[in-house]
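Coordinate inspection notes
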Amino acid sequence: MANFDALVNSISKLNIENMYGEDFQQTWTKSDDELNATLQVADALRNLRERNISTRVFDSGLAISIFRDNSTRTRFSFSSACNMLGLAIQDLDEKKSQIAHGETVRETATMISFMADVIGIRDDMYIGKGTAYMNEVINAVKESNRDGILEQRPNLVDLQDDEDHPTQALADLGHIIHEFGGVENIKGKKIVMSWAYSPSYGKPLSVAQAIIGLMTRYGMDVTLAHPDGYEVMPEIEEIAKKNAAKSGGKFTKTNDMKAAFKDADVIYCKSWAPFKAMEERTDLYGKGDFDGIDKLEQELLAQNAEHKDWACTEDMMKLTKEGKALYMHPLPADITGVSAEEGEVDASVFDRYRDELYKQASFKPYMIAAMIFLSKFKDPAKVLKELEARGTQRHEFK
Amino acid sequence: MANFDALVNSISKLNIENMYGEDFQQTWTKSDDELNATLQVADALRNLRERNISTRVFDSGLAISIFRDNSTRTRFSFSSACNMLGLAIQDLDEKKSQIAHGETVRETATMISFMADVIGIRDDMYIGKGTAYMNEVINAVKESNRDGILEQRPNLVDLQDDEDHPTQALADLGHIIHEFGGVENIKGKKIVMSWAYSPSYGKPLSVAQAIIGLMTRYGMDVTLAHPDGYEVMPEIEEIAKKNAAKSGGKFTKTNDMKAAFKDADVIYCKSWAPFKAMEERTDLYGKGDFDGIDKLEQELLAQNAEHKDWACTEDMMKLTKEGKALYMHPLPADITGVSAEEGEVDASVFDRYRDELYKQASFKPYMIAAMIFLSKFKDPAKVLKELEARGTQRHEFK
Amino acid sequence: MANFDALVNSISKLNIENMYGEDFQQTWTKSDDELNATLQVADALRNLRERNISTRVFDSGLAISIFRDNSTRTRFSFSSACNMLGLAIQDLDEKKSQIAHGETVRETATMISFMADVIGIRDDMYIGKGTAYMNEVINAVKESNRDGILEQRPNLVDLQDDEDHPTQALADLGHIIHEFGGVENIKGKKIVMSWAYSPSYGKPLSVAQAIIGLMTRYGMDVTLAHPDGYEVMPEIEEIAKKNAAKSGGKFTKTNDMKAAFKDADVIYCKSWAPFKAMEERTDLYGKGDFDGIDKLEQELLAQNAEHKDWACTEDMMKLTKEGKALYMHPLPADITGVSAEEGEVDASVFDRYRDELYKQASFKPYMIAAMIFLSKFKDPAKVLKELEARGTQRHEFK
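Calculation criteria
- Residues numbered from 1 in each chain as written.
- Chains lettered and ligands numbered in written order.
- Predicted model: local features only at pLDDT ≥ 70, side-chain atom pairs only at ≥ 80, totals over all residues.
- Heavy atoms only, no water.
- Least-squares fit on C-alpha atoms with pLDDT ≥ 70 in both.
- Contact = heavy atoms within 4.5 Å.
- Domains from an automatic or database assignment.
- Buried area = accessible area lost by both parts, 1.4 Å probe.
- Salt bridge = Lys/Arg side-chain N within 4 Å of Asp/Glu carboxyl O.
- Helix = DSSP H or I, 4+ residues; strand = E, 2+ residues; numbered from the N terminus.
- Nonpolar A, V, L, I, M, F, W, Y, C, P; charged D, E, K, R; others polar.
- Phe/Tyr/Trp six-rings, centres within 6.5 Å; stacked < 30°, edge-to-face > 60°.
- Buried < 20%, exposed > 50% of the residue type's maximum accessible area, 1.4 Å probe, protein only.
- Lys NZ or Arg CZ within 6 Å of the ring centre and 35° of its normal.
- Core = buried A, V, L, I, M, F, W, Y, C linked by side-chain atoms within 4.5 Å.
- Pairing = 2+ DSSP bridges.
- Axes fitted to C-alpha atoms, helices over the stretch in contact; angles between N-to-C directions.
- Polar contact = N/O pair within 3.5 Å; in protein donor to acceptor, adjacent residues only side chain to side chain.

Laying chain C over chain A is done by rotating through 120° and shifting 0.0 Å along the axis; what remains is an RMSD of 0.0 Å. The superposition operator between the copies reduces to a three-fold rotation axis. Judged by C-alpha distance, A88(C) is the residue of chain C that lies nearest the rotation axis, at 4.5 Å. An asymmetric contact is evident, with only 5% of the interface residues of chain C recurring at the interface of chain A.

Set out below in structure tokens:
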């Protein structure tokens, strides 16, 4: 297939030698070529699968999942990605394990990794903790591999941390590229990452940060909109600014939702907790001050309730480019009158974009598979071609 | 093997084109040919496995399990069936997931299905809910497949709903056919589906309904026996009546356990809750009236306790054909003096039929595998032959 | 590879025909050849894996895990072992299952085993219970296989019982053999199995018993050291004595930790509960006397606290052979100042041996895989050679 050949050809020209044997954490730690490789390998794997050609590159092997927060979507995306490459999942359920019993991260990471090819971690609940934990795990398995304890080094896939949500943002980017008919068409397009009211409290900042941190790389005109007091981490804003300067895009901040929506091509609209409050919560948690956490929660809910007008309504959508901006959400959304009395989005807006929202989500398993694939093969373009030539049918009989 | 060839030959002649790409819900939604195909494919897969010939038809792929009620047997049967076809299981644990957070069924069904080939669901607790939920899931994945969101449509296997228990009833039928030496020998044989006392409360009606709904299809002389007040759903009785009329079988109801057992060839004897009470419970549950549920439970337990004489005792078994009817139970049984002070069956009866009971259970993984197989291949007879010809050893070395 | 050929050659000469189709329980039920075969097959499988040669011997198949005690290490070891042989795991989670509902072990064992190739069980909490339960499971599946209910007989791997911990002890032995450069070099070496203080209560005796029961087989000079009152089971001491007499090794007991450490080559130092107290706890548990259990626990903790000087300190290590004995622990350890205020071992000692400790743990998945392998093949040496000749790459592309 022409499309597949073009993808393979493009991948073969990218400078991605540093991905081999390495981990996938925040997108801002990756080069442009590395991000493009991820997007293109994802497309190539999807192309093979659509032709019922097996993408199984492992005869056997284990992928470990560690979810420090509940998860359906991410769990199934990770499972799907691993399964299509031939890896079986073993979940580390920290409630069933002995980790709490004073065990160090290095020890556990090593003990579970004797035959692990991949480790997927989601740890997004406390500012300053998720990435730190993932780094500990990475260092642990590197060290154990270097010291001859682990025969192979499992590569980490960051399934959401306290700062970034790389698999989500890349899936989102893949979706935008497909909707606009190619990466060359998204340059200059206006995307709004807007805060929205939700009755729940303390949603992670990582999606918002992931979006401004990634879309600015691709020359998009990125507007971050939120009420005063809902600032994201200043370091990530700094990254967005630098990215925009380098890519020829824009990064703008506003507390005016309407101004933000004006002429937008893409609307990404969801609730998050203020960064400073999350930081405070992490401190209180560290001190074991649970009364303080309760008090903080009450304050945040009260603060939240002052901004119920921050919603993606039909009227707001009319402000966008021809009233037809692409509406995006990582799901599940708090839909007004459906899943919440007052929520992030009008039911009619959500319904009109339902198919697009689900397509957006469909990119995630492929992004995870691409991240694993790129960490495992020195010459991924060659392996993709070999998979096509091997031609094993996934579904073996007709 | 002659047996295998005969099976394949027979399957090739059945009109089963509507099974391809479809789901397996209640047996009464399937044609005679479709039920026969399920029985015969199950036998053929078992035959291959007994000869250590791999039945793996998927190189990779996911099967999703959703158990809305605790389950050991069904969980392992589903796992076994999927494993023998090459699918890995990913369980949707609703306690660990975000489903409760106001998410619609359509959304969750789509989110977990991006790479799903099969979805197995057990949902039998509330009248009017299980089948409705499964239909929602089916419609969701159909729609998402039609709209280009899902690349493939996962097929549903109904692992027990509020009305029927198709994998159980077909496994039971497979067992009866094997015990009587062929499907042609069960016509006219008397099977009693009898209520029996159990100290527990609120067991599903679906096994009883599954048995009368299926065995009447095969020309059996089916007697439904229970104390007054333990009626099953009238719609299912209606189905049983029509089936019997069409197949040349019989469907009789009685409140007299002894009359029922008289000259029976097969005794199927287990507790269930009265349909009307289950309906009431569902209503109370819907209203959140938990005091009402407690009160209802007390009433049901009192009502139950009036019928302790409904048990499959040695004396009762003596009434059956030559005192040697085949005793059946879906397990686990409440055995008098063993697992309950007073229960559904005498320990000596249960012990005498233990091997048969376990053989009965052994059919279930094969029925599930057959249902999946038939949903995945247009020409299942051809694929079975190809599997034999491929001859891959499951256990690869000698 | 020379090493691989030598291993295969050695395995081919061992008298191991009784392992085929059988289970792996306590090491003292196995012959010397059978233990040596386990060690050597583990090495051979590791050798293949290190050369990226697939050890997948099953095209499909299920391994069942039953963990009646929390477990991370053992769960991952079992998963890894099964995965490298081609088996998928299905866990029997007794909390999610219906086992508690008056079901017999025979019934459950059969119901979950219709397609099971292996059953791994950890059940170490109550004296006299774990092995008894495993025997029940073994007898159940044997009987069901003999009676034509199970098409194959799943073989049991004892992942820790109330008396022995065979996968741990064999992994430990593998580690010692590798550290000393060959099985011929460990004869006469002094290994100390010493009790150590831990603030937690009621750790199983099975590791201590496993070590004295196994290392005495290999001609080692085994010293069991513990405070008065921390006796292990007399039957196991008896086994150790007999083993030592037969192998030309030694088995000594002492209540003097310093005397024990004197000139030791290997130090194995961990906490356990006194056997008699464990027996009492089992009795109290049987009677449902939970006040009694609480009282016993308080007594044991008080008794424990009298022996805080039993720790593997730097000073103690200086007493060993050239101050350089190999320090071992099954992990996780209670490290003084790290995972416990006062614990089993000084942090500096633990840190110095960290790599060795992790290498020790790395043997466990291979031991489990070897146990399964030996139960499944009549001529394991031949199958190993065939695996090498087949040469399937585990990680399929370069």
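All names here are of chain A. Each assigned domain of chain A is listed here: domain 1 (2-163 + 364-390) and domain 2 (167-359). Computed from C-alpha coordinates alone, the two centres of domain 1 and domain 2 are separated by 26 Å. With 28 residues of domain 1 at the interface, the matching set in domain 2 holds 29 residues. Taking both partners together, domain 1 and domain 2 bury about 2,300 Å²; carbon and sulfur atoms supply 62% of that area. Looking only at domain 1, the three residues that lose the most surface to domain 2 are W28, Y126 and I127, adding up to 29% of its buried area. Seen at the junction of domain 1 and domain 2, the total is one salt bridge. A salt bridge links R217 to D32; the nearest nitrogen and oxygen atoms lie 3.0 Å apart. Only α2 (32-50), β4 (155-158) and α14 (354-376) provide two or more residues apiece to the side of domain 1 that touches domain 2. At six residues, the largest contribution of residues to the side of domain 1 that touches domain 2 is made by α2. Partitioning the side of domain 1 that touches domain 2 into residue classes produces twelve nonpolar, five polar and eleven charged.

All names here are of chain A. Inspection of the entire model under this criterion finds 18 aromatic pairs over all chains. Aromatic pair W195 and W310: ring centres 6.4 Å apart, planes at 75°, arrangement edge-to-face. Of this pair, W195 sits in strand β5 (residues 190-195) while W310 sits in the loop between α11 (290-305) and α12 (314-318); the two residues are 115 residues apart in sequence, bridging distant segments of the chain. With respect to burial, W195 and W310 carry one shared label: buried. Three or more aromatic residues joined by ring pairs form one cluster here, namely Y126, Y285 and F290. Lying across the ring of F24, K30 places its NZ or CZ 4.9 Å from the centre.

A few words on the relation of the copies chain B and chain A. Here the two chain copies are tied together by a rotation about an axis and a shift along that axis. When chain B is fitted to chain A, the residual RMSD is 0.0 Å, and the transformation amounts to a turn of 120° plus an axial shift of 0.0 Å. The overlap is low: 5% of the interface residues of chain B also sit at the interface in chain A, so different surfaces are used on the two sides.

Before going further, it helps to spend a moment on the nonpolar core. Counting residues in hydrophobic clusters, the biggest one holds 138 residues, and the most contacted among them are I267(B), Y327(B), F373(B) and L384(B). The residues touching Y327(B), leaving out its near neighbours within four places in the chain, are I267(B), C269(B), C312(B), M317(B), V345(B), V349(B), F350(B), Y353(B) and L357(B). Counting residues in hydrophobic clusters, the runner-up holds 137 residues, among them L35(A), V192(A), M278(A) and I293(A).

Our next topic: the sheet that holds strand β9 (residues 326-328) of chain C. Residues and elements named next belong to chain C. Across the sheet, which stays open at both edges, the five strands sit in the order β7-β6-β5-β8-β9 with parallel pairing between neighbours. Sheet topology places β7 (250-254) and β9 at the edges, where each strand pairs with a single neighbour. Adjacent strand axes in the sheet meet at a mean angle of 15° when their direction is disregarded. Pairing of strand β5 (residues 190-195) with strand β6 (residues 221-225), which is carried by five bridges, proceeds in the parallel orientation. The residue of β6 that forms the bridge with M193 is L224. Along the sheet, helix α6 (residues 166-179) makes contact with β5, β8 (266-270) and β9, crossing β9 at roughly 165°. Helix α8 (residues 234-247) rests against β6 and β7 of the sheet, and its axis sits at about 140° to β7.

Counting residues at the interface gives 39 residues for chain B and 37 residues for chain A. For the interface between chain B and chain A, the tally reads four salt bridges. Residues D355(A) and R106(B) are paired through a salt bridge, measuring 3.7 Å at the closest nitrogen-oxygen approach. Applying the counting rule to chain B against chain A returns eleven residue pairs in polar contact (both at pLDDT 80 or more). Residue assignment for the side of chain B that touches chain A shows that the elements contributing at least two residues are β1 (62-67), β2 (88-91), α4 (105-111) and α15 (380-390) of chain B. For the side of chain B that touches chain A, the per-class residue count stands at 14 nonpolar, eleven polar and 14 charged.

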